[in-house]
Amino acid sequence: MTEAAEVLERLQTLRAADAPTHGGRVLSYVYDSGRDDLDELADAAATLARPLNGLDPTVFPSIAAMERDLVGFARRMLHGGRSVVGSVTGGGTESCLLAVKTARDLWRAQHPGATARPRLVTASSAHAAFQKAAGLFDLEWDAVPCAPDGTVRATELIGRLGDDAALVVVSAPAYPTGALDPIAEVAAAAADRGMSCHVDACFGGFVLPWWPGVPAWDFRVRGVTSISADLHKFGYAPKGVSVLLHRGRRRHRAQFFATTRWPGYPVVNPTLLGSRSASPLAAAWAITQRLGDPGYAELTASIARVAAEVRSLVDGIRGLTVMGDPAGPAIAVVADESVPPRERVDPHRLADALMAHGWKIQHQPGFRQADGTRIPHSAHLTLTPVLERGMPELGAALRAASDSVRGAPPADPRMLLAALRALGYGDGGRVPGPAAAWRLLRLAGAGRVSATQPMALLMALIERLPAPVAEALLTELLARLSEPR
Ligand SMILES: Cc1ncc(COP(=O)(O)O)c(C=O)c1O
């Protein structure tokens, strides 16, 4: 037995090694509204709902009441009429998984004789959750290459639609590039073919409705059949809550799992889990009640000002540039290829250097697509309202870190690659098991990771390794982190 105070002290010591969740210093993973009152409200609501089990809203009707309000709020925000219904899920990935499962089940019902796996069409910038969904629900992921600026052409996506495709996904916006996909064109083409079209607004769902100058992308658009929007991102709720809305009850019901075919209680699960916490739902409910439409509009206006400032800040840094023309609060920065190499700022060296200034932006490896074109390696910035206060510091840090790395070439993993090739892992034919992967990671100096570790070399290696090898190494890295010592 350990005293409760000591247990909490231990947790505090553990937490001290974490990257800061508040203050805007970490420009990914966390979404700080900058308002302590919202965090306090969320905590209080989460505590009130803590003992509940979301498994059965007939026993705990407060769960259904909060879900009704949240779905109603999201439906109004996304211009859905009364025919739009949906569910609160445990997060973005779960919403995406369920959107795919629903479309697949409807497709199977429409194609009773089909023997082949249906396709899932997305831009290659669509969130990785859709690859996961394709794997879990037995669809063939059909990725349409993007231009190096992160945009995907409507004609390219439309060209892949067809009777054997269960779903096309468009993003609002895509996380890695910040680009808004050509939603209206693709959704209309999907509708003409009687296909499902999901808008993944997990990232932008609670921002774009108030963002200036965004073309219609929600339920106003003909052909959009479902939309996911995360409350634990720009809804400012703690992690574990998202909404998935469908056009039409029939579609929504296809999301459910129900069975009476066992000796226990009748099971009806709208989402993937059975028993589930109601705390994130309650926290999200409380925040949406408190903020309402005007509250979100105000917070979004703040992010839009931050985005304009960050873009002009990057424009003023020689050798660095913003990828494409992002719509919303995701910005990717890349080296400016229009200036000579000695003047370029490598985004991964910049991300490493920024850590010394107390800021963390997210490394994204370059990505070679199916047609051979490459989306360049970049650094991602998620912009949040709290940053408005920290802009002068962020500006100074970005400029100083850029100055410190300008002209330095991208990290070169050639030696490591040669070593991996010599060991037979260069062409993807051989994939290391746990022990070999761990040895390779230590050889690469990546056996231990911390929140402040330079990542440029590891990212360069990931980019060049065959995907199955890189994936095995990263799996090992993460698995070892939580293995008991
Ligand atoms: C566009 C988009 N879709 C889906 C997801 C997955 O969300 P989660 O991490 O909540 O599972 C994300 C996460 O960043 C996202 O940006």
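Above this text sits the structure in question.
Conventions adopted
Residues numbered from 1 in each chain as written. Predicted model: local features only at pLDDT ≥ 70, side-chain atom pairs only at ≥ 80, totals over all residues. Heavy atoms only, no water. Salt bridge = Lys/Arg side-chain N within 4 Å of Asp/Glu carboxyl O. Helix = DSSP H or I, 4+ residues; strand = E, 2+ residues; numbered from the N terminus. Buried < 20%, exposed > 50% of the residue type's maximum accessible area, 1.4 Å probe, protein only. Core = buried A, V, L, I, M, F, W, Y, C linked by side-chain atoms within 4.5 Å. Domains from an automatic or database assignment. Near = heavy atom within 4 Å. Polar contact = N/O pair within 3.5 Å; in protein donor to acceptor, adjacent residues only side chain to side chain. Areas by Shrake-Rupley, 256 points an atom, 1.4 Å probe, with all protein chains shown as cover.

Student: What should I look at first to understand the pattern of salt bridges in this one?
Tutor: In a structure, side chains of opposite charge can pair up when their charged atoms sit close to one another. Applying the stated criterion across every chain, the model contains 22 salt bridges. Of the charged contacts in the structure, one is a salt bridge between Glu6 and Arg10, with a shortest N-O distance of 3.4 Å. Of this pair, Glu6 and Arg10 both sit in helix 1 (residues 4-15), four residues apart, roughly one helical turn. Classification of Glu6 by relative accessible area gives partly exposed; the value is 39%. We note a salt bridge from Arg290 to Asp37, for which the minimum N-O separation is 3.8 Å. Highlighted residues: Arg290 in helix 9 (residues 279-315) and Asp37 in helix 2 (residues 36-49), separated in sequence by 253 residues. Connected via shared salt-bridge partners are Arg119, Asp142, Arg160 and Asp164.

Student: What am I meant to see in the nonpolar core here?
Tutor: A general trend in soluble globular proteins is that nonpolar side chains are found buried together. Counting 102 residues, the largest nonpolar core has Val199, Phe206, Trp217, Val310, Leu350 and Leu383 as the members making the most contacts within it. It is helix 9 that provides the largest number of residues to this core, a total of 16 residues. Both domains that meet at this core, namely domain 1 (41-288) and domain 2 (293-405), each give it at least three residues. Of all hydrophobic cores here, the second largest spans 20 residues; its members include Leu416, Leu440, Ala446 and Met459.

Student: Looking at this model, I keep getting lost on the site of the ligand. Mind explaining?
Tutor: Near the ligand, the surroundings consist of Gly92, Thr93, Cys96, His127, Pro173, Tyr175, Asp200, Cys202, Phe203, Asp230, His232 and Lys233. One of the side-chain N or O atoms of Thr93 is found 2.5 Å from an oxygen atom in the ligand. One of the side-chain N or O atoms of Lys233 is found 2.9 Å from an oxygen atom in the ligand. Here the ligand, which alone exposes 390 Å², has 84% of that area covered by the protein.

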